[in-house]
Amino acid sequence: MDIERRSGCPINLTMEVLGDRWSLIIIRDIMFGNRRHFRDLLTHSEEGIASNILAARLKRLLSLEFISKRDDPSHSQKAIYSLAEPAIQLVPVFAMIGAWGRRHLPVSEELSIRAQLLEEGGPPLWDAFMEDLRQIHIVDPIGGANGTRTSAALTKLTAAFLEVRVKSPATAS
């Protein structure tokens, strides 16, 4: 693993790996948006990541073995990015970060509904979601990318997001 070691502190080492502006956002988009292709990650990010930054962060996440990459059998020029086990195990971290953000920051209902559901669902939902992610990213990454293998937890989180988005005044106009 290619990380800078300023100390052996687990918080420091975690920040060395995940503390840049984009790494957690990319993992979030793969995890919650099932965005598995470069173009999807580039064009559907709420934060508007630049293509050179996305390419550099994907390369780093690959080298750290947080994600994997394989050729997409449906298109010779596309690759499918999948979460590896270390990234899947970030689900509780995302749940806690989302819960903290909902309590202390001016979040939108639309973009915080998944965090709310993860917080309310607690460890049983996190465990179910992590097992689903293992199925669609590790066991059958091609089926997970093309939609033939799905996640019940992700479907629930996405449905809640879409329901709030439909009700949102910003998207209704």
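The preceding data block contains the structure.
Quick summary incoming for the structure in this document. (Residues numbered from 1 in each chain as written. Predicted model: local features only at pLDDT ≥ 70, side-chain atom pairs only at ≥ 80, totals over all residues. Heavy atoms only, no water.)

Concerning the packing of aromatic side chains
Inference 1: Within the structure shown, the criterion is met by 2 aromatic pairs.
Inference 2: Measuring from centroid to centroid gives 5.9 Å for phenylalanine 32 and phenylalanine 94, while their planes differ by 80°, and the two rings are edge-to-face. Placement of the pair is phenylalanine 32 in helix α2 (residues 23–33) and phenylalanine 94 in helix α6 (residues 91–104), with a sequence separation of 62 residues. Pair check on accessibility: phenylalanine 32 and phenylalanine 94 agree, each one buried. (Phe/Tyr/Trp six-rings, centres within 6.5 Å; stacked < 30°, edge-to-face > 60°. Helix = DSSP H or I, 4+ residues; strand = E, 2+ residues; numbered from the N terminus. Buried < 20%, exposed > 50% of the residue type's maximum accessible area, 1.4 Å probe, protein only.)

Notes on the pairing of strand β2 (residues 79–83)
Inference 1: Extensive coverage of β2 is indicated by the burial of 5 of its 5 residues.
Inference 2: The side-chain alternation of β2 yields two buried faces, one formed by Ala79, Tyr81 and Leu83 and the other by Ile80 and Ser82.

A look at the environment of cysteine 9
Inference 1: With respect to the helices, strands and loops of the structure, cysteine 9 is situated in the segment before α1 (10–18).
Inference 2: Separated by 116 residues in sequence, cysteine 9 and leucine 125 place their C-alpha atoms 29 Å apart.

Regarding helix α9 (residues 152–167)
Inference 1: In this model, α9 (16 residues) spans 23 Å end to end at C-alpha, consistent with the 22 Å of a helix rising 1.5 Å per residue.
Inference 2: All of the buried residues along α9 are Ala153, Leu154, Leu157, Ala160, Phe161 and Val164. One side of α9 carries all its buried residues, which in axial view fall inside an arc of 130°. Seen from the buried face of α9, the exposed residues on the opposite side, beyond 90 degrees, are Ala152, Val166 and Lys167. (Expected span 1.5 Å × (residues − 1). Arc of directions from axis to C-beta.)

Observations regarding the side chain of aspartate 132
Inference 1: Its place among the elements puts aspartate 132 in helix α7 (residues 109–139).
Inference 2: Among buried charged residues, aspartate 132 stands out as having no salt bridge; its nearest opposite-charge side chain is arginine 149, 8.3 Å away.
Inference 3: Reaching out from aspartate 132, the side chain makes a polar contact with the backbone nitrogen of alanine 152 at a distance of 3.1 Å.
Inference 4: The residues touching aspartate 132, leaving out its near neighbours within four places in the chain, are Ser151, Ala152 and Ala153. (Lys, Arg positive; Asp, Glu negative; His and termini not counted. Salt bridge = Lys/Arg side-chain N within 4 Å of Asp/Glu carboxyl O. Polar contact = N/O pair within 3.5 Å; in protein donor to acceptor, adjacent residues only side chain to side chain. Contact = heavy atoms within 4.5 Å.)

Observations regarding the pattern of salt bridges
Inference 1: Inspection of the entire model under this criterion finds 12 salt bridges.
Inference 2: Linking arginine 57 and aspartate 20 is a salt bridge whose minimum nitrogen-to-oxygen distance equals 2.9 Å. Taken together, the positions of arginine 57 in helix α4 (residues 51–63) and aspartate 20 in the loop between α1 and α2 put the pair 37 residues apart, joining distant regions of the chain.
Inference 3: One salt bridge connects glutamate 85 with arginine 134, and the closest N-O pair in it is separated by 2.8 Å. Taken together, the residues span a long stretch of sequence, with glutamate 85 in helix α5 (residues 85–88) and arginine 134 in helix α7 at a distance of 49 residues.
Inference 4: Judged by its relative accessible area of 24%, glutamate 85 falls in the partly exposed class.
Inference 5: Taking the relative accessible area as the measure of exposure, arginine 134 reaches 22% and is therefore partly exposed.

Here we look at the nonpolar core
Inference 1: If you look at the biggest cluster of nonpolar residues, it comprises 40 residues, and the most contacted ones within it are Ile27, Met31, Phe66, Leu83 and Phe129.
Inference 2: At 9 residues, α7 tops the list of elements feeding residues into this core.
Inference 3: Other than its neighbours up to four places away in sequence, phenylalanine 129 contacts Met31, Phe32, Val91, Leu118, Ser151, Ala153, Leu154 and Leu157. (Core = buried A, V, L, I, M, F, W, Y, C linked by side-chain atoms within 4.5 Å.)

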